Amino acid sequence: MTVQPVKLARRGLMFVLSSPSGAGKSTLARQLLDEDKHIELSISVTTRARRQSELDGVHYHFINQDRFSKMADRGDLLEWAQVHGNYYGTPQEPVEKALAAGHDVLFDIDWQGTRQIADKLPDDVVRVFVLPPSMGELQARLRRRAEDDDDTILKRLVGAREEIEKWSDYDYVIVNDDLQNAFASVKSILAAERIRRERIIGLRPFVSNLLEEAQAISSAAEKSAS
Ligand code: ADP
Ligand code: 5GP
């Protein structure tokens, strides 16, 4: 008896990292993208001004309000939200292409966007929330990052409460005290989520084949015993 071999493949997943601004999600995201070639970043569009350290098309696509509204109206955005007074959104097409090619996509988005994506594609989303060890440390990190003026930092700290309140929307919560430990947790989550049985394409026929062969072995054993 010969069974047709089944090739196993995997559906790409959507890996969301959210946190109050300054807790360290971009740092964790960068480390993951550097180390893991099977995941790519979803590059958002934003109306926020570019920071000195940022590159257009790498960290964000920096666009004006008019262009943002047109993209949102045309349905080009998988999700969008207003955060700290600026608009942010996820272009839909690159995400669809990556997932169809079996790649994983990393999202650095807030709780509002996470809810929208989870409503649209619940089976493909893995949600991770990053917490700071304390509010004092969050403030210190925003200051140390030295990318925003005092006004902006204050806005972000005030906004942190609203973001932290959404912690229970997420599948996993990581307290980013020690960066190495936090990164190890991110990698463990991704590794485990990649092998969830629901994501493995062809698993059912693969197991059927194994059972068919197991049945053949049982039958042969019974025959030789009788
Ligand atoms: P977010 O993307 O959540 O706004 P960032 O990744 O930009 O936050 O991190 C904010 C600042 O805190 C950065 O200067 C980063 O280097 C620093 N940082 C991140 N994680 C840690 C950590 N575990 N311990 C100390 N500093 C950290
Ligand atoms: P920042 O201005 O610090 O880069 O980002 C501010 C907040 O906006 C962060 O919480 C970040 O995760 C969120 N954000 C960035 N891009 C998007 C996006 O495309 N959609 C949504 N909903 N939030 C985003």
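(A) Spotlight on the site of ligand 1. Lining the immediate environment of ligand 1, one finds 17 residues, of which Gly-22, Ser-26, Thr-27, Arg-145 and Asn-176 sit closest. A distance of 2.5 Å separates an oxygen atom of ligand 1 from a polar atom in the side chain of Ser-26. Arg-141 has a polar side-chain atom sitting 3.2 Å from a nitrogen atom of ligand 1. For ligand 1, whose unbound accessible area comes to 570 Å², protein coverage reaches 80%. Going through the elements one at a time, α1 (25-35) and α5 (135-145) are the ones with two or more residues in the shell around ligand 1. At four residues, α5 tops the list of elements feeding residues into the shell around ligand 1.

(B) Local environment of the pattern of salt bridges. Enumeration over the complete set of coordinates arrives at 21 salt bridges. With a shortest N-O distance of 2.8 Å, Glu-54 and Arg-48 are connected by a salt bridge. Notably, a salt bridge pairs Asp-169 with Arg-115, separated by 2.6 Å at the nearest N-O pair. Here Arg-115 lies in helix α4 (residues 111-120) and Asp-169 lies in the loop between α6 (150-164) and β10 (172-175), a separation of 54 residues in the sequence.

(C) Spatial organisation of a nonpolar patch on the surface. A cluster of nonpolar side chains, Leu-8, Phe-206, Val-207, Leu-210 and Leu-211, forms an exposed patch at the surface whose accessible area comes to about 420 Å². Within the secondary structure, Leu-211 is located in helix α8 (residues 203-225).

Cut-offs used in this document
- Residues numbered from 1 in each chain as written.
- Chains lettered and ligands numbered in written order.
- Predicted model: local features only at pLDDT ≥ 70, side-chain atom pairs only at ≥ 80, totals over all residues.
- Heavy atoms only, no water.
- Near = heavy atom within 4 Å.
- Polar contact = N/O pair within 3.5 Å; in protein donor to acceptor, adjacent residues only side chain to side chain.
- Areas by Shrake-Rupley, 256 points an atom, 1.4 Å probe, with all protein chains shown as cover.
- Helix = DSSP H or I, 4+ residues; strand = E, 2+ residues; numbered from the N terminus.
- Salt bridge = Lys/Arg side-chain N within 4 Å of Asp/Glu carboxyl O.
- Patch = residues over 30% accessible without salt bridge, like charges linked within 9 Å, V, L, I, M, F, W, Y side chains within 5 Å.

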